[in-house]
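Descriptive structure summary
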Amino acid sequence: MKKCTKVPNRYANALYVFSLEEKQLEGVFKDVKFIRNVLADNKELKTIMESPVIVPKIKSNIFSQLFENRINSITYGFLDLIVRKRREPSLFQTLDAFINYYHRHHNIKVATLTSAIPLNNELIEKIKIVLEEQTNSTIQIQTQIKPAIIGGFIVQVEDYLVDASLLGKINRLKREFATNIYQAGF
């Protein structure tokens, strides 16, 4: 079941616009990434924050102990607002939505590079340069290793997909032979 993104997007947009107006966008972005990493690394904390059973005061105390002196006052106020309005279950989505607003503002696109074996940094940099030229934007590459693709690589940037893997080529050949126009039996 897909979660609703309407509320997280509204909160993320509000934080984005406010941090932009206050000229604190870069600081808030660093804080958002930090908070997101803390939540991603600590499944128990994420579970506590998403639990409707735990009262907001306890959640607020946890956020206070973890983040109050480590993050920007705008970001901390935002976290406090999220807890007071009982929007903690969608906090992770809200943080991701804010990161997307930041990326759009700075014309940054995230590319997923999948390969059968780890690629060297030189090859990754060459792929990044080609993608930046084709998309006219700054590219951040996330790498994945999937031995199932046998060889080559797959690159995805938003809706743009380049499948230069051996598995992709094998699948294309299978489709081509499945629609053979010549009569079988010879």
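The present account deals with the structure reproduced in this document.

What counts as what
- Residues numbered from 1 in each chain as written.
- Predicted model: local features only at pLDDT ≥ 70, side-chain atom pairs only at ≥ 80, totals over all residues.
- Heavy atoms only, no water.
- Helix = DSSP H or I, 4+ residues; strand = E, 2+ residues; numbered from the N terminus.
- Rg over C-alpha atoms; globule rule 2.2 N^0.38 Å.
- Contact = heavy atoms within 4.5 Å.
- Phe/Tyr/Trp six-rings, centres within 6.5 Å; stacked < 30°, edge-to-face > 60°.
- Buried < 20%, exposed > 50% of the residue type's maximum accessible area, 1.4 Å probe, protein only.
- Axes fitted to C-alpha atoms, helices over the stretch in contact; angles between N-to-C directions.
- Parallel < 35°, antiparallel > 145°, perpendicular 65-115°, else oblique.
- Left-handed = near helix turned anticlockwise from the far one by under 90°.
- Core = buried A, V, L, I, M, F, W, Y, C linked by side-chain atoms within 4.5 Å.

1. Concerning the overall build of the protein
For the protein, the count of helices and strands is 8 helices and 4 strands. Put simply, the protein runs from its N terminus to its C terminus through helices and strands in the order α-α-α-α-α-α-β-α-β-β-β-α. Whereas a compact globule of 186 residues would reach a radius of gyration of roughly 16 Å, the protein reaches 22 Å, over 25% beyond that. On the principal axes, the C-alpha backbone points of the protein span a range of 75 × 40 × 30 Å. Counted over contacts in the protein with a minimum sequence separation of 6, partners at least 24 positions apart contribute 68%.

2. Re the packing of aromatic side chains
Any aromatic ring pair is given by two values, namely how distant the centres are and how the planes are angled relative to each other. If you walk through the whole model with that rule in mind, you get 4 aromatic pairs. With a centroid separation of 3.6 Å and an interplanar angle of 10 degrees, the aromatic rings of Phe 29 and Tyr 102 are classed as stacked. In this pair, Phe 29 is assigned in helix α2 (residues 25–41) and Tyr 102 in helix α6 (residues 91–105), connecting sequence segments 73 residues apart. The pair formed by Phe 29 and Tyr 102 is uniform in burial state, with each residue classed as buried. One aromatic cluster is present, formed by Phe 34, Phe 63 and Phe 67 through successive ring pairs.

3. Side note on the packing of helix α3 (residues 43–50) against helix α4 (residues 56–67)
Running from N to C, α3 and α4 cross one another at 140 degrees; their axes reach a closest spacing of 10 Å. The orientation of α3 with respect to α4, classified from their angle, is oblique. Between α3 and α4 lies a crossing of left-handed hand. Judged by residue contacts, Leu 45, Ile 48 and Met 49 of α3 engage Lys 59, Ile 62, Phe 63 and Leu 66 from α4.

4. Here we look at the nonpolar core
Nonpolar side chains in soluble globular proteins generally cluster together in the buried interior. Counting residues in each nonpolar core, the largest one holds 31 residues, and the members touching the most others are Leu 39 and Phe 98. Elements with a minimum of two residues in this core: α1 (6–21), α2, α3, α4, α5 (73–84) and α6. If you tally residues by element for this core, the top one is α6, at 8 residues. Grouped together as the second largest cluster of nonpolar side chains are 8 residues, Leu 113, Ile 124, Leu 131 and Ile 139 included.

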